[in-house]
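Working through the structure, step by step
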Amino acid sequence: MGDADWWRRGVIYQIYPRSFMDSDGDGVGDLPGILARLDHLTWLGVDAIWLSPVHPSPMDDFGYDVSDYTGVDPVFGTLDDLDRLVAEAHRRGLRVLLDWVPNHTSDQHPWFRASSSSRDDPRRDWYVWRDPGPDGGPPSNWLRYVGDSAWRWHEPTGQFYYRVFLDSQPDLNWRNPEVQEAMFDTLRFWLARGIDGFRIDALVVLVEDDRLRDNPPNPSYRPGEDFPYMRELSVWNVDRPETRELAARMRKVVDEFGDDRVLLAELGVPLEQTMAYYGGDGGGIQVPFNFELLTAAWDARGIAGYVDRYLAALPAGAWPNWVLGNHDSPRVASRLGPAQARVAAVLLLTLPGTPILYQGEELGLGDVPIPPSAAIDPIAQLVPGRGRDPERTPMPWDAGPGGGFTTGRPWLPVGEENLSLNAAAQRDDPASMLTLHRRLLQLRRQTPALVTGAYQPVEADGDVLAYLRTTPGGDRWLVALNLGPSPARLALPGPAAAGRVELSTQPGRDGEPVAGSLDLRGDEAVVVSPTGHADAAQEPDTRPG
Ligand code: NOJ
Ligand code: MG
């Protein structure tokens, strides 16, 4: 695998800049803060960082409402700070990806200010403006993310504008070639500055049906359980053919700068639709996010079945990926509990494909409860119970005041429980979640089978999920995960799978010989190296790096 494949081998770490590290005491994380903590990331052993948006923004959606695509918001620092971060990251062998938000801008972006100023403004057509429908109401029945009409009435110019997210996040009109070129140029701006790629925000909602056809109702909608917009089948305003074509053009722009730049994309559509974004002949998005593990029932048979379906659905040459958490989803340790979060880490880092790790997952952080009265995320008001503050709280670096995150008052609380999981406390503890992550990342680096090896499911029952990762040379690494609390026994798939325990999520098993069958403790995941493997049973190197 050449350099162009770094993202296939590599592990991508998502940084939520507001909450990673604050360098100036204003309680909000920033770019110099990230720079100051780069050693954590290289010591941990990840390959790339993806930064949630750092551009100028009124912060209605904490940066996902961009008012200047080629700048840096003062709360995060300056363009120089970003250049410095990229240079320092590259010096350490870390790639840097930015978040690119093409579907909508902030309503404070000069483009929308112009577009909304008058119907005759040259930028009017840069956003999606429509007259009312025949009944004087919205022009179609489309719903926005939080469940009401996606059309927002604009009194001063007497038309509706379309917006999938907040009122202050109007959708761009991607049918307009000027919009396409202006937005592609924002990619070029960053690529020319050495950015290694992008995570594309909300890609599937880019283009809407030009005839504004109404969506049909969703017969399997579960009120209270599903997001309110799901009461409709969003067939006419989500994942349109034009959006897939534009994804391929985004890829072409990125390819102008060499073959080692990468596009990740947030989709959130079913499997078959996700696959379409890889594009014909691999000319689309290299990493269309696979969100299954964010919501999947924690059930061994269900997950094993999904892995099979997912891998089978990949088009030729496409590379898989796995996401366990992000800034929009409850944290994995809160969803599964601390013991199964360790099992999940082994799963994420040994399944075939690029793992995407969300900041704090390596510490086992949980959601910090935020009472409704203290909620900051606007979604908390719009869809009660769905606020995203709990998974966005600051990183606890040490046990000091502000968790070593800030000398000021953190914008969201660090949280008592998360404080006790601080990085300093875990760093030299061989049993910690942090050490587990570091060992897994080291193991991946030393073990081609775990990165590029073929995937072969192993027959198991009950709560056990097991698979082999094999190389053409005949190496067979076994991964066995117990997704339940009771001990379980796995029959090994033939004598060639014998070996020894290379790593367990629980203490005291390293180096244990394995033959015939493997006994798993409750909530335990184990990686078994093949007999004769040279690096087997090494002690982890937990020295400060
Ligand atoms: C997805 C982002 O991850 C989320 O945080 C944001 O609110 C929406 N897209 C809108 O940009
Ligand atoms: Mg759109």
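The structure under discussion appears in the preceding block.
1. Overview of the coordination of the magnesium ion (ligand 2)
Each pair of donors in an ideal octahedron of six around a metal sits at 90 or 180 degrees, and each pair in an ideal tetrahedron of four sits at 109.5 degrees. The coordination sphere of the magnesium ion (ligand 2), as far as protein atoms go, consists of Asn103 (OD1), Asp171 (OD), Val205 (O), Leu206 (O) and Glu208 (OE), spread over 2.1 to 2.7 Å. The motif formed by the donor residues of the magnesium ion (ligand 2), counted along the single chain, is N-x67-D-x33-V-L-x1-E. Of this pair, aspartate 171 sits in the loop between strand S6 (159-162) and helix H6 (177-192) while valine 205 is found in the loop between strand S7 (197-200) and helix H7 (241-255), placing the two residues 34 residues apart along the sequence. The same class applies to aspartate 171 as to valine 205, namely buried.

2. What about the pattern of salt bridges?
For the coordinates displayed, the defined rule picks out 37 salt bridges. With a shortest N-O distance of 2.8 Å, arginine 244 and aspartate 239 are connected by a salt bridge. Take arginine 244: its relative accessible area is 32%, and that puts it in the partly exposed class. A relative accessible area of 8% means that aspartate 239 is categorised as buried. Taken together, the salt bridges that share partners define one network made up of Asp3, Arg95, Asp196, Asp260 and Arg261.

3. Side note on the pairing of strand S8 (residues 262-265)
Regular strands place side chains that alternate from one sheet face to the opposite one. Residues of S8 alternate between two faces, with Val262 and Leu264 on one and Leu263 and Ala265 on the opposite face, all of them buried. In this sheet, S8 lies alongside S7 in parallel orientation, the contact comprising four bridges. Paired with phenylalanine 198 across the bridge in S8 is leucine 263. This β-α-β element, S7 to H7 to S8, shows right-handed connectivity.

4. Some points on the site of ligand 1
All residues in the neighbourhood of ligand 1 are listed as Asp61, Tyr64, His104, Phe165, Arg199, Asp201, Glu266, His327, Asp328, Arg388 and Arg392. In this structure, an oxygen atom belonging to ligand 1 sits 3.0 Å away from a side-chain N or O atom of histidine 104. In isolation ligand 1 has 290 Å² of accessible area, and contact with the protein removes 97% of it. Classifying every residue of the shell around ligand 1 gives two nonpolar, two polar and seven charged.

Parameters and conventions
- Residues numbered from 1 in each chain as written.
- Chains lettered and ligands numbered in written order.
- Predicted model: local features only at pLDDT ≥ 70, side-chain atom pairs only at ≥ 80, totals over all residues.
- Heavy atoms only, no water.
- Donors = N, O, S within 2.8 Å, 3.2 Å for Na, K, Ca; no water.
- Helix = DSSP H or I, 4+ residues; strand = E, 2+ residues; numbered from the N terminus.
- Buried < 20%, exposed > 50% of the residue type's maximum accessible area, 1.4 Å probe, protein only.
- Salt bridge = Lys/Arg side-chain N within 4 Å of Asp/Glu carboxyl O.
- Pairing = 2+ DSSP bridges.
- Right-handed = clockwise from strand over helix to strand, strands pointing away.
- Near = heavy atom within 4 Å.
- Polar contact = N/O pair within 3.5 Å; in protein donor to acceptor, adjacent residues only side chain to side chain.
- Areas by Shrake-Rupley, 256 points an atom, 1.4 Å probe, with all protein chains shown as cover.
- Nonpolar A, V, L, I, M, F, W, Y, C, P; charged D, E, K, R; others polar.

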